[in-house]
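# Structure assessment
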Amino acid sequence: MKNKLNISLVIPCRNEAEGIALLVKKALKIAAEVIVVDNQSTDKTALVAKKAGARVIKEPRVDKLGIGYGYSLTRGMKAAKHEIVVTLDGDGTYPIDQIEATLNFMGRKNVDMLLCSRFPLVDGQAISWWRQLGVWLLNTQVRLFYGYDMQDILSGMWLVKKSVLSSLKLNEGGWNLSPEIKLAAIMNQKISIDQFHIHHYEREFGQSKQKLVITGLEHLWFIFAYRVRHLLPVRLKFTPLFSIKFWKSAREVRV
Ligand SMILES: Nc1nc2c(ncn2[C@@H]2O[C@H](COP(=O)(O)OP(=O)(O)OP(=O)(O)O)[C@@H](O)[C@H]2O)c(=O)[nH]1
Ligand SMILES: [Mg+2]
């Protein structure tokens, strides 16, 4: 690509030294800025990423479970130099080659934020049944509690305008940052959002450190608690959680 896209790509990383150079080099072919946020890696992630041309930021904070995914993303998005910030994981599972398409779609739809959904899976793509079931359950929870047709509440890829970032109050330092930023956008009347279907690749290098059950339960509780904290207590006081009235009120939240 002759002209790079005026975007900042933010990649949160912990111990991705094995594949990060390839990812950064691929990303730098299309993106004007590639930020790798290194969070307590014990391998050479930061060094390798820097050598490959990334801007490396170190974010040492972790949540009570020792995860710094959220802190790193928030830090990276704030540090971004360009108006459009794109996030994705450092394990090569998200499609760098579709960034331009997502950006075009975002422009056509004229929205502030674009959520990239890995579902439905395209032929040959694999995400374990456990994970699919978990994401489906959490998507359903969002549909019920927030009235938004969520396709992939746990996607690590989204595009957001820097100018609206400050109106999204982000507090989660761990894995919950991913649902938090999406829910904050859904709940914010001033922010327009849309969804875009992306490809998803299998992790080719490194080991998965994800603790599916613990993280899944953490998300389940978070999505519930976030809803209770944010339109209630007034509504909850008078309205049972699963009443049609509550559901309707949730629908009104949608932009
Ligand atoms: N900053 C930061 N990044 C993390 C942390 N843990 C994982 N990551 C990064 O966050 C991204 C997503 O983590 P993954 O381990 O791929 O999690 P996952 O996609 O749910 O699960 P697998 O791909 O199966 O491992 C990757 O880029 C990781 O390097 C952390 O504690 N802090
Ligand atoms: Mg991954």
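First, a word on scope: everything that follows refers to the structure included in this document. Here the structure is a predicted model, which means the values were calculated and not measured. (Residues numbered from 1 in each chain as written. Chains lettered and ligands numbered in written order. Predicted model: local features only at pLDDT ≥ 70, side-chain atom pairs only at ≥ 80, totals over all residues.)

## Remarks on the overall build of the protein
Along the protein, the regular secondary structure elements total ten helices and seven strands. Expressed as a percentage of its 255 residues, the buried residues of the protein come to 43%. Taking the contacts inside the protein whose residues are at least 6 apart along the sequence as the reference set, 75% of them involve residues at least 24 apart. (Helix = DSSP H or I, 4+ residues; strand = E, 2+ residues; numbered from the N terminus. Buried ≥ 20, exposed ≤ 12 C-beta atoms within 10 Å, placed from the backbone. Contact = placed C-beta atoms within 7 Å.)

## Thoughts on unusual backbone geometry
Cis geometry marks the peptide bond from Phe 119 to Pro 120; its omega dihedral reads -5°. Of note, Pro 120 is situated in the loop between strand 5 (113-117) and helix 5 (129-146). Of note in the backbone geometry, Asn 15 takes a positive phi value of approximately 55° without being a glycine. Even without glycine at this site, Gln 40 takes up a positive phi of about 55°. Topologically, Gln 40 is positioned in the loop between strand 2 (31-38) and helix 2 (45-51). Judged by local crowding, Gln 40 falls into the partly exposed class, with 16 C-beta atoms found within 10 Å.

## Concerning the environment of Gly 19
Within the element layout of this structure, Gly 19 appears in the loop between strand 1 (5-13) and helix 1 (20-28). A tally of 18 C-beta atoms within 10 Å means that Gly 19 is categorised as partly exposed. When the C-alpha atoms of Gly 19 and Glu 204 are compared, they prove to be 8.2 Å apart, with 185 residues separating the residues in sequence. Those residues in contact with Gly 19 that lie beyond four places of it in its chain are Asp 91, Gly 92, Glu 204, Phe 205 and Gly 206.

## Quick look at the sheet that holds strand 3 (residues 55-58)
Taken together, seven strands build an open sheet; the order of strands is 3-2-1-4-6-5-7 and the sheet is mixed. Each edge of the open sheet carries a strand with a single partner, namely strand 3 and strand 7 (193-197). Averaged over neighbouring strand pairs, the angle between their axes works out to 20° when direction is ignored. Pairing between strand 5 and strand 7: five bridges, direction parallel. Bridging from a neighbouring strand, Leu 114 pairs with Asp 194 of strand 7. Packed on one face of the sheet, helix 3 (residues 69-79) meets strand 1, strand 2, strand 3 and strand 4 (84-87) and runs near 160° to strand 1. (Pairing = 2+ DSSP bridges. Axes fitted to C-alpha atoms, helices over the stretch in contact; angles between N-to-C directions.)

## Comments concerning the site of ligand 1
By nearness alone, 19 residues border ligand 1, and Asn 39, Gly 68, Ser 72, Gly 90 and Ser 208 come closest of all. Only strand 1 and helix 3 provide two or more residues apiece to the shell around ligand 1. (Near = placed C-beta within 6 Å.)

## Overview of the environment of Arg 75
Of note, Arg 75 is situated in helix 3. For Arg 75, the residues in contact, after removing those within four places along its chain, are Val 37, Ile 57 and Glu 59.

## Examining helix 1
Taken as a whole, helix 1 has its buried residues at Ile 20, Ala 21, Leu 23, Val 24 and Ala 27. Buried residues of helix 1 fall within an arc of 165° about the axis and therefore sit on the same side. The secondary structure elements touched by the buried residues of helix 1 are strand 1, strand 2 and helix 2. (Arc of directions from axis to C-beta.)

## Some remarks on the pairing of strand 5
Along strand 5, five of the five residues are buried, which leaves the element largely enclosed by surrounding structure. Going residue by residue along strand 5, you find Met 113, Leu 115 and Ser 117 tucked away on one face and Leu 114 and Cys 116 tucked away on the opposite face as well.

## As for the packing of helix 7 (residues 177-187) against helix 8 (residues 212-231)
It is at 11 Å that the axes of helix 7 and helix 8 come closest, and there the two elements cross at 30°. Put simply, helix 7 runs roughly parallel to helix 8. Relative to helix 8, helix 7 is oriented so that their crossing is right-handed. On helix 8, the residues that touch Pro 179, Glu 180, Leu 183 and Met 187 of helix 7 are His 219, Phe 222, Ile 223, Tyr 226 and His 230. (Parallel < 35°, antiparallel > 145°, perpendicular 65-115°, else oblique. Left-handed = near helix turned anticlockwise from the far one by under 90°.)

## Remarks on the environment of Thr 42
Considering the arrangement of structural elements, one finds Thr 42 in the loop between strand 2 and helix 2. Judged by C-beta crowding, with 8 C-beta atoms within 10 Å, Thr 42 ranks as exposed. Counting along the chain gives 26 residues from Thr 42 to Glu 16, while the straight-line C-alpha distance between them is 9.7 Å.

## Re helix 5
With 18 residues, helix 5 ought to run about 26 Å at 1.5 Å a step, and its terminal C-alpha atoms sit 25 Å apart, in line with that. Taken together, the buried positions of helix 5 are Gly 134, Val 135, Leu 138, Asn 139, Val 142, Phe 145 and Tyr 146. Seen from one end, helix 5 has its buried residues packed into an arc of 140°, which puts them on one side. Exposed residues lying more than 90 degrees from the buried face of helix 5 are Trp 129, Leu 133 and Thr 140. (Expected span 1.5 Å × (residues − 1).)

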